[in-house]
Amino acid sequence: MKKTLVSALTTALVVGAASTTFAAANPFSDVPADHWAYDAVSQLASDGVIEGYGDTTFRGNQNITRYEMAQMIAKAMAKSDVSAADKALIDKLAAEFSDELNNLGVRVSNLERNADNVKWNGQARYRYWSQRYENEKGSKDKKNTDQMNFRLEPSAEVNQNWHVNARIDAFTDPSKDTDATVKLVRVWAQGDYKNFQVKLGKLPFYSTETAGMLLDSQFSGAQVTFGNQLKLTAEAGRWDLDNAINQSDIYAKATETVSKEDKTLKYSDQTASYQGIGLNGTAGKLYGGAAYRHFDSNLFKNVKGFKNDADEANIWSVGAGYTFDKNWNLYGAYAKNEKAESDATAHNIQLNYKGAQKANKGSWGAYTAYRYMGQNVAFAPTYETFLGNGVNNVKGWEVGTEYVPFTNVTAAAYYFNGKKLDNNNDAELLFGRVNFWF
């Protein structure tokens, strides 16, 4: 079936361009789903500058590769009747894909290539959580939390193969009018070669095979990826368990039986050594993967639900999805921690409809999902209803929607209703978010 470029980009980003909760879309394309080029090309397509292949269609059953991106950019470069804003986008894309353009015979001068060595992306967002928990007396406790976040993501070109990337976050509580806490969250060097990629530094830590059901954080170390349609990823380093502590109450519960005198000793090792390996791939409309991750820390010995004296977590996970057409995508995943006796499994199934693309005013998406989130395996999930201010160690249904009222402005609302895994009490949460992208 022929698809327009905009439809193909929607499929590639199914309900995922503007939010991690919508991350069940195909994440295995040669050009990563969160790459800024998608928004730039989408904008050029909506302006009528880029038309896809020569037959004005895009072959939506194929992944969007860097070479295919370069083909469309080359056609855009040949046009003269474009606006100044579109010309700036084309120049930026030409600098990013200069190697592929050169291979096509389209020359990009060194001046053009180096005109924008450092690229800046970012966002300002407001988030709100309203929780309802059933207590031991049968009545419901409630907790409302809001947060302001400002994020900058610079990317600096070193040479044709290497880039340096970073992420800087600032958080503040608007209800208390507190000063913002600013952190350099990530910084890493990235080398991109044919069918090979290496990352070194403080890296994104994402469980690709589960679409972020287990992890969406960062770790210090190294990662190497081999392959194209089928990709093998190996990584190793250290992970600060504060990233899990801040997003789950498993460690807080573990301290209930530890005296004040023992806490410093028992909880001094909050950084775990980490090794992991994963295999992900695509076959037409089907995509999926599997992974194994090993964490080692004395802290696990005191975590409620872990096996006696277990100082490690061994987690295996699998996931798969299917893109039916430009509107519908279904994804599911399962994971288990072999070193935990309770709350040791997590599984999720999510159905997505359409997708909110921040460059396209009026675009929108919706999803429904069933989530079972054992806290001894889903350490730092990507779902915003399960972050530190949200619910955790629960099972239940979730629905959500996202809309683009203005270009580069997104608004979202999610609702979760379920049960706590440890006591079967009711758990309910309403979440809202507004993002301003730049």
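Heads up: these notes are all about the structure in this document. (Residues numbered from 1 in each chain as written. Predicted model: local features only at pLDDT ≥ 70, side-chain atom pairs only at ≥ 80, totals over all residues. Heavy atoms only, no water.)

### Thoughts on the pairing of strand 13 (residues 364-373)
Side-chain alternation along strand 13 places G365, Y367, A369, R371 and M373 on a buried face and W364, A366, T368, Y370 and Y372 on a face that remains uncovered. When strand 12 (residues 345-354) meets strand 13, the two strands line up antiparallel, connected through 9 bridges. By the bridge assignment for strand 13, H347 is matched with Y372. Bridging between strand 13 and strand 14 (residues 394-406) involves 9 bridges; their strand directions are antiparallel. Counted as the bridge partner of A369 is E398 from strand 14. (Buried < 20%, exposed > 50% of the residue type's maximum accessible area, 1.4 Å probe, protein only. Helix = DSSP H or I, 4+ residues; strand = E, 2+ residues; numbered from the N terminus. Pairing = 2+ DSSP bridges.)

### A few points about the packing of helix 2 (residues 36-46) against helix 4 (residues 84-96)
Between helix 2 and helix 4, the least distance of the axes is 10 Å, while the angle of their chain directions is 140 degrees. In terms of orientation, helix 2 lies oblique with respect to helix 4. When the axes of helix 2 and helix 4 are compared, the crossing they make is left-handed. Counted together, W36, A37, A40, V41, Q43 and L44 of helix 2 and D86, L89, I90, K92, L93 and E96 of helix 4 form the full contact between these two elements. Counted by class, the contact of helix 2 with helix 4 contains 8 nonpolar, 1 polar and 3 charged residues. (Axes fitted to C-alpha atoms, helices over the stretch in contact; angles between N-to-C directions. Parallel < 35°, antiparallel > 145°, perpendicular 65-115°, else oblique. Left-handed = near helix turned anticlockwise from the far one by under 90°. Contact = heavy atoms within 4.5 Å. Nonpolar A, V, L, I, M, F, W, Y, C, P; charged D, E, K, R; others polar.)

### What about the nonpolar core?
If you look at the biggest cluster of nonpolar residues, it comprises 38 residues, and the most contacted ones within it are L214, W239, F295, F300 and F379. Those elements giving two or more residues to this core turn out to be strand 5 (196-206), strand 8 (271-283), strand 9 (286-296), strand 10 (312-323) and strand 11 (328-337). With 3 residues, the top contributor of residues to this core is strand 11. Aside from chain neighbours lying at most four places away, what touches F295 is F205, L215, W239, A272, S273, Y274, F300, D311, E312, A313, I315 and F379. In terms of nonpolar packing, the next biggest core, distinct from the first, is built from 20 residues, W36, A37, L93 and F97 among them. (Core = buried A, V, L, I, M, F, W, Y, C linked by side-chain atoms within 4.5 Å.)

### Structural notes on a nonpolar patch on the surface
There is a patch of nonpolar side chains on the surface, built from F226, L230, L232, I277, L279, Y292, W316, V318 and Y334 and spanning about 780 Å² of accessible area. Residue assignment for the nonpolar patch shows that the elements contributing at least two residues are strand 7 (230-240), strand 8 and strand 10. Here L232 lies in strand 7. (Patch = residues over 30% accessible without salt bridge, like charges linked within 9 Å, V, L, I, M, F, W, Y side chains within 5 Å. Areas by Shrake-Rupley, 256 points an atom, 1.4 Å probe, with all protein chains shown as cover. Salt bridge = Lys/Arg side-chain N within 4 Å of Asp/Glu carboxyl O.)

### Observations regarding helix 2
The buried fraction of helix 2 amounts to 9 of the 11 residues, a majority that puts the element mostly inside the structure. Within the span of helix 2, buried status applies to W36, A37, Y38, D39, A40, V41, S42, L44 and A45. At the exit of helix 2 stands G48, carrying a positive phi of roughly 80 degrees.

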